[in-house]
Amino acid sequence: MDATLVTDYGYRLELMPAPDGSGPPLFSRDVSAEVADLVEEALVASVLSEDVARDERAIRAEVRPVWSEPPWVAELEVRLEVERNGAAQVHSLRFGSEAWRRRALEETALLRQRGAVSQGAKVYRGLVAQRRAGGPAACALAVDAPLVADVTLEQAGVRSLFAGSLLPERPVLVNRRLVEEVLAWTVQAGKVETGGAVLGRLARLPAPLPGARTRIVTVLSAVLRDSRHAGKAAHFDFSPEALAEAAQVAELRGLGEAVITAFHSHGWQGKCADCAGGGGSDCSLPECEPSLQDYVLLESLFPGRAALLPIAGRRPAAAGQRLAFEVFAWRSGALCAIPWQLYTD
Amino acid sequence: MKTLERLTLSDISGQKRLDIKLNGEISLTHTVGQVIDHFLDSKRIPRNRLRWSAFSRGVLLDNKKALGDLSEIDAQWRVVPEVSAG
Ligand SMILES: [Zn+2]
Ligand SMILES: [Zn+2]
């Protein structure tokens, strides 16, 4: 997909000692180039939701600031414009400040390390937009459209649907056996992290599933563990050799699958059923949420913005089932947990 | 042994893909490592100071090897970093 990215503004991420932006910033960096990542996410999301065709040729992508109070930006609006029968059709997505949360956390940690900010002091992040001196800039942005196969539910290996729900614009189906295996391995591994390759596919069904508004579903069908991956507490090393072999296995299965993502656990111990609850927990295990390192994993191993990240681990806020299997997807520039539905093959 | 004429690189999931026709920007004298760099740059994939490798048919390719030393059966690479989750 070839888009022309048009923007009238340059953007800076600033870290500040006060929430109102008074005083000199602790950190300030031009992040205009990173806006392209958000446009890529918007394009991929729009293809998956079928708001934009995957073979669309001429897409005009415009990025506009939504002000909180100029020059401070509350959100970025990405407008995707395509031509339909001679008329412009616009699909618009908004990106909140969570897109800059990760970079802000990384830079704040560096500031604390260097002693520029004391350990207890709060740091606020803000995005500043400044109109470009030379007027609006246009640049070409080439994005690989998600690889989607036209198949029926049966051809995608799905026999029956079970518990769960779907995000209308990004439905995800997960094999029940996959979840059972991941949770069992997570418990077995205890405080040590476990993980492996996940086989799956993007499928365009003849019609949307109940609860979905797009025909394109992501199916996570199987997990492959390999002793060459190595876990310890709060850390899991993926072996490139093992992943490459898993990709060969996916091809040999002949079901149109690929190593679509990789899962890992955040640890679990028997007492987590209690320690996970409420505030004041003394549990040292990370919660079932992407760490900064998990962002590095996803953006380098699965760089497409259609990628999902499944994580198993403790979920303190949850009532009842506290050992969770969560699926995270790119939404609004960050990895967010999305609903999914179980199936059997 | 027939030499390479074209090359397809992708990430492990196959979602980011690059087709290269050799003897344009990339020629047989380029090394595997240089072609990986070209793929990462053109796909805007951050290097994150990781070690990157290419696999063909599941087998690791030597980063220092020149394309001229590969045969045409090694025309599909998967580019994989050595990376950890936290
Ligand atoms: Zn615990
Ligand atoms: Zn993690």
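What comes next concerns the included structure. No experiment lies behind these values; they were computed from the predicted model shown. (Residues numbered from 1 in each chain as written. Chains lettered and ligands numbered in written order. Predicted model: local features only at pLDDT ≥ 70, side-chain atom pairs only at ≥ 80, totals over all residues. Heavy atoms only, no water.)

1. With respect to the overall build of chain A
Here is the rule we go by: Segments assigned H or I by DSSP are reported as helices when at least four residues long, segments assigned E as strands when at least two residues long, and all are numbered from the N terminus. Restricting the calculation to C-alpha atoms gives the radius of gyration, and the globule rule supplies 2.2 Å times the number of residues raised to the power 0.38. Each residue's exposure class comes from its accessible area (1.4 Å probe, protein chains only) as a fraction of the maximum for that residue type: buried when under 20%, exposed when over 50%, partly exposed otherwise. Here, residues are in contact when the closest pair of their heavy atoms is within 4.5 Å. The Shrake-Rupley method, run with a 1.4 Å probe, gives the accessible areas here. Residue values count only the displayed protein chains as cover. Positive residues here are Lys and Arg, negative ones are Asp and Glu, while His and the chain termini are left out of the count. Here the site of a charge means NZ on Lys, CZ on Arg, CG on Asp, or CD on Glu.
Scanning chain A from terminus to terminus reveals 6 helices and 20 strands. Against the globule reference of 20 Å for 345 residues, chain A gives a C-alpha radius of gyration of 22 Å, in line with a compact fold. C-alpha extents for chain A along the principal axes are approximately 60 × 55 × 40 Å. Buried residues in chain A amount to 52% of all 345 residues. Across chain A, every contact between residues at least 6 apart in sequence was considered, and the portion connecting residues at least 24 apart equals 70%. When the accessible surface of chain A is totalled, it reaches about 15,200 Å², and 50% of it is carbon and sulfur. Charge centroids of chain A, computed over 37 positive and 43 negative side chains, lie 2 Å from each other.

2. What to know about the sheet that holds strand S6 (residues 84-85) of chain B
By definition, the strands of a sheet pair up through backbone hydrogen bonds, in either a parallel or an antiparallel sense. Note the following rule: What makes two strands pair is DSSP finding at least two bridges between them.
Taken together, 3 strands build an open sheet; the order of strands is S14(A)-S15(A)-S6(B) and the sheet is antiparallel. Pairing within the sheet leaves two strands with one partner each, and these edge strands are strand S14 (230-232) of chain A together with S6 of chain B.

3. Some words on the coordination of the zinc ion (ligand 2)
What counts, and what does not: Nitrogen, oxygen and sulfur within 2.8 Å of a metal are treated as its donors, or within 3.2 Å for sodium, potassium and calcium (Na, K, Ca); water is not counted, so a site can appear incomplete.
Each protein donor to the zinc ion (ligand 2) is listed here as A:His264 (NE2), A:His266 (NE2), A:Asp294 (OD), A:Asp294 (OD) and B:Gly86 (O); together their distances run 1.9 to 2.6 Å. In this pair, A:His266 sits in the loop between strand S16 (258-265) and helix H5 (272-275) while A:Asp294 sits in helix H6 (residues 292-301), placing the two residues 28 residues apart along the sequence. A:Asp294 gets classed as buried once you look at its relative accessible area, which sits at 0%.

4. Focus: the interface of chain A and chain B
For clarity, the threshold we go by: Buried area: the sum, over both parts, of the accessible surface (1.4 Å probe) that disappears when the two are put together. When a carboxyl oxygen of Asp or Glu is within 4 Å of a side-chain nitrogen of Lys or Arg, the pair counts as a salt bridge. Pairs of N or O atoms are called polar contacts if they sit within 3.5 Å, as long as, within protein, a hydrogen donor faces a hydrogen acceptor (for residues adjacent in sequence, only side-chain-to-side-chain pairs). Gly is put with the polar residues, along with every residue not named as nonpolar or charged; the nonpolar set is Ala, Val, Leu, Ile, Met, Phe, Trp, Tyr, Cys and Pro, and the charged set is Asp, Glu, Lys and Arg.
Tallying the contact residues gives 39 residues for chain A and 26 residues for chain B. Surface buried jointly by chain A and chain B totals about 2,800 Å² across both partners, of which 55% is contributed by carbon and sulfur atoms. The largest contributions to the chain A side of the interface with chain B come from A:Asp144, A:Pro240 and A:Ser300, which together make up 20% of the buried area. There are 5 salt bridges connecting chain A and chain B. When the shortest N-O distance is used, the salt bridge between B:Lys16 and A:Glu40 registers 2.5 Å. There are 19 residue pairs in polar contact (both at pLDDT 80 or more) connecting chain A and chain B. Elements supplying a minimum of two residues to the side of chain A that touches chain B: helix H1 (35-48), strand S15 (235-237), helix H4 (240-253), S16 and H6 of chain A. Residue composition of the side of chain A that touches chain B, grouped by class: 21 nonpolar, 8 polar and 10 charged. Both S15(A) and S6(B) contribute to a ladder of 2 bridges, which runs antiparallel. Its bridge partner being in S6(B), A:Asp237 is matched across the sheet by B:Ser84.

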